[in-house]
Amino acid sequence: MAAGGLAGLLPAQTQLEYALLDADTPQEKENLVYQYLKKMDSRERDLTVPELGGDLEWLNTEGPISLHKDLCGKVVVLDFFTYCCINCLHLLPDLHALEHQYSDKGPNSGRRDGGFSEAAFNSPQGIAIRNNVIYVADTENHLIRKIDLELEVVTTVAGIGIQGVDKEGGAKAEEQPISSPWDAVFGNSISGTQEDDVLWIAMAGTHQVWALMLEDGKLPKGSDLKKGVCLRFAGSGNEENRNNAYPHKAGFAQPSGLCLASEEPWNCLFVADSESSTVRTISLKDGAVKHLVGGERDPLNLFAFGDVDGAGINAKLQHPLGVTWDKKRKLLYVADSYNHKIKVVDPKMKNCATLAGTGEASNIIGSSFTQSTFNEPGGLCVEENGHLMYVADTNNHQIKVLDLDTKILSMLPILNPEVCDVPDNLPVQKDKIRNLPKLPKSAPNIQLPSLTVAPGQTIQFLLKLTLPPDSKLNEEAPNSWFITAEDNTWLLQGQCLSGEIKDVSCQTIIPFQLPRSCLSAEAILAVRACLYYCSKGSSACMMKGISFSQPLQIGSTNQSSLTQVELIHTFVTN
């Protein structure tokens, strides 16, 4: 808005606010607003709104929006929004209602049970996995969903699909309204006879931690509960950073991440409490809620954030969204989202330090953890053997893999089934092998050193190809990599045998997992690539190939879960 117009608008707006406070009836208020708008219309020239800057990045639109061409005569809602803020998310139903009322295209429903091809979710966040069942915090549907991997069916186990305001619970799960569940983790009740008989839920919407009883049992400081009951376990529902020996009197502020340390001396839930920028603990003996790191002592101050390594309250985090427990090392890892880092916490000493990330919001896979970067990492987990940690690097749209033994960071390749052929039986597999590209006879064959591996181990081939000077990749040609094992086709069953090479300026990651049941102690795997490139100065194009031969020694002893092999070659001009 023009500066002169703004100076004249503020007094008039202030007068309107005071007049509305003095008005007694809705009709008086309506008349006051009408007169105000009429007055503003008469000053149209003084209140011209300038166009938005031309260098802005527009999301969910076909192009830049003009205030005068596209929005003239329309009511425009300007709303501060960040996807990690639960209070912002709770405005979405109001915005959806406005969209539905005033737009020709209303919002689509994101809730549907059924088979894998027909089920639908709405911004799912955390998951908990047990055997062949996955429980999902279906955040914007306000539901807990169950995915059966054997039956390939999705069902609803808690919630009614509408945001709840109940802060007590206690009804049967499928009849109990819940609010924006953000994470879930399995645990044990104190009187149950079965393992994993409780699903703990980070109920971000009501600033609490809830429990879904998967079997009959009893919670700390609670009475006996029947299977299927869903209720509040900790948190008053007030948005606070309040610790208390009584779980119902404690206060959280958008609890977003949960993990369990069931062993002594901890026997607790760790909670990433996002809006207070703290990590808290909930005792599974008596329900006591205690501070671990971050924040400050004033329970009403939710702005004690920062990026400081230290102990207890001297450490500072900024909107942590995820936590995971390392059973092997007895350490807690934290996705410190707004600091773009992964932190490590020693719960015994209450010490918090940076494990990975520089603090810069970018996407660099460096030679070490501290030289690599993230962009608002939102979730993380440590695999069962404690070798690898997987990080959901949210704004980079990637899964990063941190090898906790070697301190090497890599990217987990996400295979697209539409462009990757994965044969699941031998006849199909042989057809796929016959259809793979044929390399030219001049293609070099590079012999790699023998690699000792174990059944079930993952090998990550890092393919880095360099074109001759003044050459460019023909992007319209079928540039690809593929894997063969001529005398050991059993190695290839269930594998992704080929993939595209879209850009030679960065390395292509090719994953390969050995079968858990190997038919031979020795095998040779071949990784091949076929490229089409052209001279920049002429129309001359050519096809080139390269083959890497990788001998494998398959032992019975456990190796590191992930082994990386570099495949490097520079093509030369004939």
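Above this text sits the structure in question.
Here is a short report on the structure shown in this document. (Residues numbered from 1 in each chain as written. Predicted model: local features only at pLDDT ≥ 70, side-chain atom pairs only at ≥ 80, totals over all residues. Heavy atoms only, no water.)

### Brief notes about the pairing of strand β30 (residues 480–484)
Logical step 1: In terms of burial, β30 is largely enclosed, as five of its five residues are buried.
Logical step 2: Strand direction decides the pairing type here: β30 and strand β31 (residues 498–500), joined by three bridges, are antiparallel. Among the inter-strand pairings, W481 is bridged to a residue of β31, identified as G499.
Logical step 3: As judged from the five bridges shared by β30 and strand β33 (residues 522–535), these two strands associate in the antiparallel manner. (Buried < 20%, exposed > 50% of the residue type's maximum accessible area, 1.4 Å probe, protein only. Helix = DSSP H or I, 4+ residues; strand = E, 2+ residues; numbered from the N terminus. Pairing = 2+ DSSP bridges.)

### A few points about the pairing of strand β20 (residues 341–346)
Logical step 1: When you tally the buried positions in β20, you get five out of six residues, the bulk of the element.
Logical step 2: Connecting strand β19 (residues 331–336) to the antiparallel partner β20 that follows it, the hairpin turn spans four residues, and H340 within it adopts a positive phi of roughly 60 degrees.
Logical step 3: With five bridges joining them, β20 and strand β21 (residues 351–356) adopt antiparallel strand pairing. Counterpart to V345 in the pairing with β21 is C352.
Logical step 4: Between β20 and β21, which pair antiparallel in sequence order, lie four residues; one of them, K350, sits at a positive phi of approximately 60 degrees.

### Quick look at the sheet that holds strand β9 (residues 208–213)
Logical step 1: A sheet is described by the order of its strands in space; here five strands give the open sequence β6-β12-β9-β8-β7, paired in antiparallel fashion. The open sheet is flanked by β6 (169–172) and β7 (181–187), the only strands paired with a single partner. Between one strand axis and the next, the sheet turns by 25 degrees as a mean value, whatever way the strands run.
Logical step 2: Sheet analysis places β6 next to strand β12 (residues 229–234), joined by three bridges and oriented antiparallel. Its bridge partner lying in β12, A171 is registered against C230. (Axes fitted to C-alpha atoms, helices over the stretch in contact; angles between N-to-C directions.)

### What to know about the environment of A526
Logical step 1: Position of A526 relative to the elements: it lies in strand β33.
Logical step 2: Assessed through its relative accessible area of 9%, A526 is described here as buried.
Logical step 3: Along the backbone, A526 and S547 are 21 residues apart, and their C-alpha atoms lie at a distance of 6.7 Å.
Logical step 4: Setting aside residues up to four positions removed in sequence, A526 forms contacts with F482, I483, T484, S547 and F548. (Contact = heavy atoms within 4.5 Å.)

### Focus: the pattern of salt bridges
Logical step 1: Within this structure, the stated rule accounts for 17 salt bridges.
Logical step 2: The shortest N-O distance in the salt bridge between K172 and E174 comes to 3.8 Å.
Logical step 3: The exposure class of E174 is partly exposed, given its relative accessible area of 44%.
Logical step 4: Put simply, E240 and R242 hold a salt bridge, and the shortest N to O gap is 2.9 Å.
Logical step 5: Classification of E240 as buried rests on a relative accessible area of 11%. (Salt bridge = Lys/Arg side-chain N within 4 Å of Asp/Glu carboxyl O.)

### Considering the packing of aromatic side chains
Logical step 1: Taken as a whole and judged by the stated rule, the model has five aromatic pairs.
Logical step 2: Ring centres of F270 and W325 lie 5.4 Å apart, and the angle between their planes is 25 degrees; on these two criteria the pair is classed as stacked. Of the two residues, F270 is situated in strand β14 (residues 268–273) and W325 in strand β18 (residues 322–326); the sequence distance between them amounts to 55 residues.
Logical step 3: Here Y533 and F571 contribute two aromatic rings whose centre-to-centre distance is 6.2 Å and whose plane-to-plane angle is 45 degrees, an arrangement assigned as tilted. Of this pair, Y533 sits in strand β33 while F571 sits in the segment after β35 (562–570); the two residues are 38 residues apart in sequence, bridging distant segments of the chain. Of the two residues examined, Y533 and F571, each falls in the buried class.
Logical step 4: It is R145 that lies over the ring of F121; its NZ or CZ is 4.7 Å from the centre.
Logical step 5: Over the ring of Y246 we find K221; its NZ or CZ atom is 4.1 Å from the centre of that ring. (Phe/Tyr/Trp six-rings, centres within 6.5 Å; stacked < 30°, edge-to-face > 60°. Lys NZ or Arg CZ within 6 Å of the ring centre and 35° of its normal.)

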